[in-house]
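Understanding the architecture of this molecule
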There are 2 protein chains.
Amino acid sequence: MPIYTAPVKDMQFVLHDVLNVTASSIPGYDELEADFTSAIFEEAGKLTSELLAPLNTVGDKEGCRLENGVVYTPTGFKDAFAKVKEGGWPGLDMPEQYGGQNMPYIIGTAVGEMFSAANQAFTMYQGLTHGAASAILAHGSDAQKDMFLPNMVSCEWTGTMNLTEPHCGTDLGMMRTKASPQADGSFKITGQKIFISSGEHDMADNIIHLVLAKIEGGPEGIKGVSLFIVPKFIVKEDGSLGERNGVSVGSIEDKMGIHGNSTCVMNYDGATGYLLGEEHKGMRAMFTMMNEARLGVGVQGLSQAAAAYENALAYAKDRLQGRAVTGTENPNGPADPLIVHPDIRRSLMDQKSFVEGARAFVLWGASLIDAAHRSGDKDADGLVSLMTPVIKGFLTDVGYDMTVKAQQVYGGHGYIEEWGMSQFTRDARIAMIYEGANGVQALDLVGRKLAQDGGKHVMAFFDLIKTFIKESAGQDAEFDATYLDPLKAASKDLQSAGMYFMQNGMKNPNNALAGSTDFMHMFGHVCLGYMWAKMGLAAKKALADGTSDAEFYETKLATGRYYMARQLPATALHLTRIQSGADTVMALDAANF
Amino acid sequence: MPIYTAPVKDMQFVLHDVLNVTASSIPGYDELEADFTSAIFEEAGKLTSELLAPLNTVGDKEGCRLENGVVYTPTGFKDAFAKVKEGGWPGLDMPEQYGGQNMPYIIGTAVGEMFSAANQAFTMYQGLTHGAASAILAHGSDAQKDMFLPNMVSCEWTGTMNLTEPHCGTDLGMMRTKASPQADGSFKITGQKIFISSGEHDMADNIIHLVLAKIEGGPEGIKGVSLFIVPKFIVKEDGSLGERNGVSVGSIEDKMGIHGNSTCVMNYDGATGYLLGEEHKGMRAMFTMMNEARLGVGVQGLSQAAAAYENALAYAKDRLQGRAVTGTENPNGPADPLIVHPDIRRSLMDQKSFVEGARAFVLWGASLIDAAHRSGDKDADGLVSLMTPVIKGFLTDVGYDMTVKAQQVYGGHGYIEEWGMSQFTRDARIAMIYEGANGVQALDLVGRKLAQDGGKHVMAFFDLIKTFIKESAGQDAEFDATYLDPLKAASKDLQSAGMYFMQNGMKNPNNALAGSTDFMHMFGHVCLGYMWAKMGLAAKKALADGTSDAEFYETKLATGRYYMARQLPATALHLTRIQSGADTVMALDAANF
């Protein structure tokens, strides 16, 4: 069975050596002293390693079970959920007013990585609740907030998001779920929603569904979509639970992975719903939830890669097979461990350099969200909005690839469910799909975010990299050559791609869209390259300052050099593809495929 | 449920337009007239589409069941196996002497793609039998051939290959299974083997296990390994079945995919075995089987990609979602089909250009095997030996990626087992692992095959490409620019990588091995680029000759241009990685990971 160890030291490095959080002016960051964050991370690490990780394979094997309308979660989930609630983890970064601990989002994100890595299917129950609570927080009336948030922040009640219908996922304008206005101001919701994560289960007293539906008589298409709060049990004025609402689970989907999460078909049959936010502005309200969810899904990509890598590494050190080509390294054993072999090393370094780079990337992203929310920093908001599709799309695409590489280290054992490596890939696979399939993320990036606010945010991004390189260069020729030059080249590739889109996308938008996924990946590489350069600098500083943990920082520098030499140059290939334009992509008539 | 349509037209194109088989001097090729091969392919296509494909999801859902030592295959497998035997398919390319049809291997390979695409788990029962029969054919005594081959060629009896033990897979020198010589010349085999595909089942009267074991008192390590024939039931002198041998199934592995194939733990408890080939030369004998198996596994990579692509394409044409950015294409529908979107196109073109290129590649490889076996062509033998790890490693790595892309086209539905797209990825995943994990293929290519016979075969490969480009260039500037220039550049990259290995691998072999997987992928791209250039030329010729099917050939040309513009340039990235050497790969001590 796979193990899980929370990367406490690595997170501390990013927060304190790289992002230098306590020096930040973001409200609340001054409290994030190293001892304090370390205590939280250690505690979360213990919980995730000891409680959640052992339930991961249980959830995979047992799955969820639907009997007479009741969904039973896998053995142990309910008890574990109680312990998670008891520890106050769900409300870590939620407002104190509703029972949360009001910590910065960066802390929630770090802890979120641990939870997801230990047990993604389990963590989704609270993750969806967090997203639904955020949407109510942003768009609900005071009465709605008071009615729903305290129990959602504590996870006494959980939440869901209901977008997809059988005939429409991305294109929500086609949705058929209807909302009929009632005399008391509520609505009757009728329709079917599919792929509803945590849609029904036995771990909470109530489930608060956020449901997109069209108010009868409203505008056609996406402009007629509104968002509704539909509780499983009607909440009475005094806060107690009333009658069962007209929402029921139709079936549990049989999925490739995340078996421990109940992905449901939900039927709304004249269910009572309350408008959340404005009429016909449902997409805007839903996007509050979606943006947070997309970052969370990016973290899932990282987290599955991290957990899979930890196990692959342990196996590579333990499994004896063959001899090092440069001379026996384990003379007393029947063979050398796998890790002596260069191709295994390559795979492990791919994984390690991705995982650590991605971790820095999401924590940086979370710090920008904190700056936006806590300091009202509009530039930070614009920048993280630009990078959200990259965090989601790139980290889940590559995160998935890394779970496949981790599985490969196990050879045949990787294919046997008993070893647990298959589950990492099967669970990681969903993250490329939900909350907007990665092709949609690429479209969002290239078709919308690049040009947002007149292209201001992407220009700011390039300036950031340029300034960083300028300020960091010239002190250490080796660092310049191994870190800054590759970053400069990659950043230049990305700019050239943006330039190509501008010059060729006008006359034919397909020239931009045919390169959208390549662009998203380039962008991700540049972000990770930037993170590695920042980590490299931080490591150099720690070494210069005479750290007592030189090995840790030397390892950081070596890992960064690997990323720069072996991964970052992928931008050139992406650029070549982008610059080949749409002609070869769109050449065929559909009938000729 | 997924559909399957055999690519008869495409195979005919490769055989007749590209490889021009009837003009070949290989014995038996003169009979391969277009009408003849078309009749075979149509018949195989019918069988695979109508009989095997519908059983694919059945096999996945039901899996195999072990009860009291008996393994039950999924519903319908037994009947289907009977029909396959009845049609004589298992012996298609086996010698007439033993009941086969003696067709060239190229025909067996084409039909093999169809079988694997329709139902990989099912096809493995006959695939392993074919491999075991080939080993007996190559290394068995006349008595052994007479005793086993007729029933194996017909698949009345099936075969297995037993290499792996719990503590050793790649490093077979560590194996513990023992063979004790008996007075009658037979051996008693004792030990445990794992991951034995088709190890036990209910579809054949007898199962002929080929088992690697160490004869007691023999040399240590790999030099003491011999190969044995261990039948499930002892075969009596008169050919009838005698007593049950001391071999039994310990358990069925719970795998990520290919559930319809019984992957068994096999226990040998003093089982009677007969030496196949020479004492202590077991690896050599096994490699007869392995090389064939590796080609077959490469075909699996292609076949899963082909089947997944067919379904993704159908879904992309059918599923309405969003509108084309360049203007509505389906004004009477609520939305346009997915296929209008450039990023979906990109994915479909990736798949299509890989599948068709890979198909040509394996058929070319099969023709080289025919040249080697039927004409004794040593150059062909050397070339295909060089390319075998590429066919296995590259086609299964990329084939798997393509099944993931196909699954992605389905969005959320791709993750739901009901739609069948998950199975393609889960089934395809094993091909990267078994018959030598792909890292081992890369090692075989770079560490052994490149230098084989003084590097003669790789030089021949480069000459082949160079001559082809020289002979094809200068007639059509557009073809030169879109096909030949990219091929030339990619081939140059591959040569540069080989040069780097020569110059740097001597002083440190890690410099070569750290780039082995990248080299294998470059090599694969150059092979597919070469195939596309040959297909492009053939298409141009057909068009010039005034074909009545211009659309087919124009589509070929457009698809090839896509591969050349968007896929082949990957060689530059691989070269960059290779030329970065082993330093960053091997920098860390194992303890510092």
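Residues numbered from 1 in each chain as written. Chains lettered and ligands numbered in written order. Predicted model: local features only at pLDDT ≥ 70, side-chain atom pairs only at ≥ 80, totals over all residues. Heavy atoms only, no water.

1. Considerations on the overall build of chain A
Rules: Put simply, DSSP H or I for four residues or longer makes a helix, DSSP E for two residues or longer makes a strand, and each gets a number counted from the N terminus. Here the radius of gyration uses the C-alpha set of atoms, whereas the globule reference equals 2.2 Å times the residue count to the power 0.38. Partly exposed residues are those whose accessible area sits between 20% and 50% of the maximum for their type, while under 20% is buried and over 50% is exposed, using a 1.4 Å probe and protein chains only. Contact criterion: two residues are considered in contact whenever any of their non-hydrogen atoms come within 4.5 Å of each other. For the purpose of charge, His is not counted, nor are the chain termini; Lys and Arg are scored as positive and Asp and Glu as negative. A charge is said to be at NZ when it belongs to Lys, at CZ for Arg, at CG for Asp and at CD for Glu.
Per the secondary structure count, chain A includes 19 helices and eleven strands. What you see for chain A is a C-alpha radius of gyration of 24 Å, in line with the 25 Å of a compact globule of 593 residues. Each principal axis of the C-alpha atoms in chain A carries an extent, and together these give about 80 × 60 × 55 Å. Here chain A holds 593 residues, and the buried ones make up 65% of them. Across chain A, contacts joining residues at least 24 apart in sequence account for 74% of those joining residues at least 6 apart. In chain A, which carries 49 positive and 70 negative side-chain charges, the distance between the mean positions of the two groups comes to 4 Å.

2. Quick look at the pairing of strand S7 (residues 225-231) of chain A
If a strand is regular, its side chains alternate between the two faces of the sheet. All names here are of chain A. What counts is decided by this rule: In this scheme, strands are said to pair when DSSP sees at least two bridges between them.
Burial within S7 is extensive, with seven of its seven residues counted as buried. Of the two faces of S7, the one holding Val225, Leu227, Ile229 and Pro231 and the one holding Ser226, Phe228 and Val230 are both buried throughout. Strand direction decides the pairing type here: strand S6 (residues 206-215) and S7, joined by seven bridges, are antiparallel. Note that in S7 the partner of lysine 214 across the bridge is valine 225.

3. Focus: the pattern of salt bridges
Residue and element names in this part refer to chain B. Note the cut-off: Definition used for salt bridges: Asp or Glu carboxyl oxygen within 4 Å of a side-chain nitrogen of Lys or Arg.
A complete count under the given rule lists 52 salt bridges over all chains for this structure. For glutamate 200, the salt bridge goes to lysine 232, with nearest N and O atoms at 2.6 Å. Pair noted here: glutamate 200 is in the loop between strand S5 (187-197) and strand S6 (206-215) and lysine 232 is in the loop between strand S7 (225-231) and strand S8 (233-235), with a separation of 32 residues, a long-range link. For the pair formed by glutamate 200 and lysine 232, the shared burial category is buried. With its nearest N and O atoms 2.9 Å apart, the salt bridge here joins arginine 426 to glutamate 417.

4. Quick look at helix H16 (residues 516-544) of chain B
All names here are of chain B. In plain terms, the rule: Working rule for helices: expected span equals 1.5 Å times residues minus one.
Taking 1.5 Å per residue, 29 residues should reach 42 Å; H16 reaches 42 Å between its end C-alpha atoms and fits that length. Within H16, 23 of the 29 residues are buried, leaving the element largely enclosed by the surrounding structure. Where H16 ends, the next residue or the one after it, glycine 546, has phi of about 80°, a positive value.

5. Examining the nonpolar core
Just so we agree on the cut-off: Nine residue types can take part in a nonpolar core, namely buried Ala, Val, Leu, Ile, Met, Phe, Trp, Tyr and Cys, and a core is a set of them joined through side-chain atoms within 4.5 Å.
Counting residues in hydrophobic clusters, the biggest one holds 155 residues, and the most contacted among them are A:Phe461, A:Phe519 and A:Phe523. Membership of the second largest hydrophobic core comes to 154 residues, among which are B:Tyr4, B:Phe187, B:Ile339 and B:Val446.

6. Here we look at unusual backbone geometry
Although it is not a glycine, A:Cys155 adopts a positive phi angle of roughly 65°. For A:Cys155, the location among the structural elements is in the loop between helix H7 (142-153) and strand S3 (157-162). Residue classification places A:Cys155 among the buried residues on the basis of a relative accessible area of 1%. At B:Ile258, a position not held by glycine, the phi torsion is positive, near 35°. Tracing the chain through its elements places B:Ile258 in the loop between strand S10 (247-252) and strand S11 (263-276).

7. Side note on the relation of the copies chain A and chain B
Applied cut-off: The copies were overlaid by least squares, fitting only the C-alpha atoms of residues that reach a pLDDT of 70 or more in each copy.
With an RMSD of 0.0 Å, the fit of chain A onto chain B corresponds to turning through 180° and sliding 0.0 Å along the axis. This pairing of chains is accounted for by a two-fold axis. Residues of chain A ranked by C-alpha distance from the rotation axis are headed by A:Leu573, positioned 3.2 Å from it. Interface overlap between copies: 100% of the residues of chain A at the interface are likewise at the interface in chain B, consistent with a symmetric, same-surface contact.

8. Observations concerning the confidence of the model for chain A
Test applied: Think of pLDDT as the predictor's per-residue confidence, scored from 0 to 100.
Taken over all residues, the pLDDT of chain A has a mean of 97, while the share at 70 or more is 100%. Listed scores for the predicted complex are pTM 0.98 and ipTM 0.97.

9. Focus: the packing of aromatic side chains
Spelled out, the test is: Each Phe, Tyr or Trp ring (for Trp, its six-membered ring) is paired with any other whose centre lies within 6.5 Å, and the angle between the two planes then decides the class: stacked below 30 degrees, edge-to-face above 60, tilted in between. To sit over a ring, a charge needs its Lys NZ or Arg CZ within 6 Å of the ring centre and within 35 degrees of the ring normal.
Considering all chains together, one arrives at 41 aromatic pairs over all chains under this definition. Arranged with centres 5.1 Å apart and planes meeting at 55°, the rings of A:Phe501 and A:Phe519 form a pair that is tilted. Of this pair, A:Phe501 sits in helix H14 (residues 477-505) while A:Phe519 sits in helix H16 (residues 516-544), and the two are 18 residues apart along the sequence. Centre to centre, the rings of B:Phe519 and B:Phe523 are 5.9 Å apart; their planes meet at 85°, and the pair counts as edge-to-face. Placement of the pair is B:Phe519 and B:Phe523 together in helix H16, with a separation of four residues, close to one helical turn. Take B:Phe519: its relative accessible area is 0%, and that puts it in the buried class. Looking at B:Phe523, the relative accessible area reads 0%, which means it is buried. Among the aromatic residues, those joined into a ring-pair cluster are A:Phe461, A:Phe462, A:Tyr500, A:Phe501, A:Phe519 and A:Phe523. In this structure, A:Arg244 packs its charged tip against the face of A:Phe233, placed 5.5 Å from the ring centre. The residue whose ring lies beneath A:Arg429 is A:Tyr400, and the NZ or CZ to ring-centre distance is 5.6 Å.

10. Quick look at the pairing of S5(B)
Residues and elements named next belong to chain B. A large share of S5 lies buried, amounting to eight of its eleven residues. Direction of pairing for strand S4 (residues 178-181) relative to S5: antiparallel, over a ladder of four bridges. Bridge assignment links serine 180 to a residue of S5, and that residue is lysine 188. In sequence, S4 turns back onto S5 through a hairpin of five residues, with glycine 185 there showing a positive phi of about 95°. The pairing of S5 with S11 spans nine bridges and is antiparallel. What sits directly across from isoleucine 196, in S11, is cysteine 264.

11. Digging into the side chain of B:Ser353
Residue and element names in this part refer to chain B. Among the structural elements, serine 353 can be located in helix H9 (residues 342-375). With a relative accessible area of 0%, serine 353 lands in the buried category. Serine 353 has contacts with Trp532, Thr559, Tyr562, Tyr563 and Gln567, leaving out every residue within four places of it along the chain.

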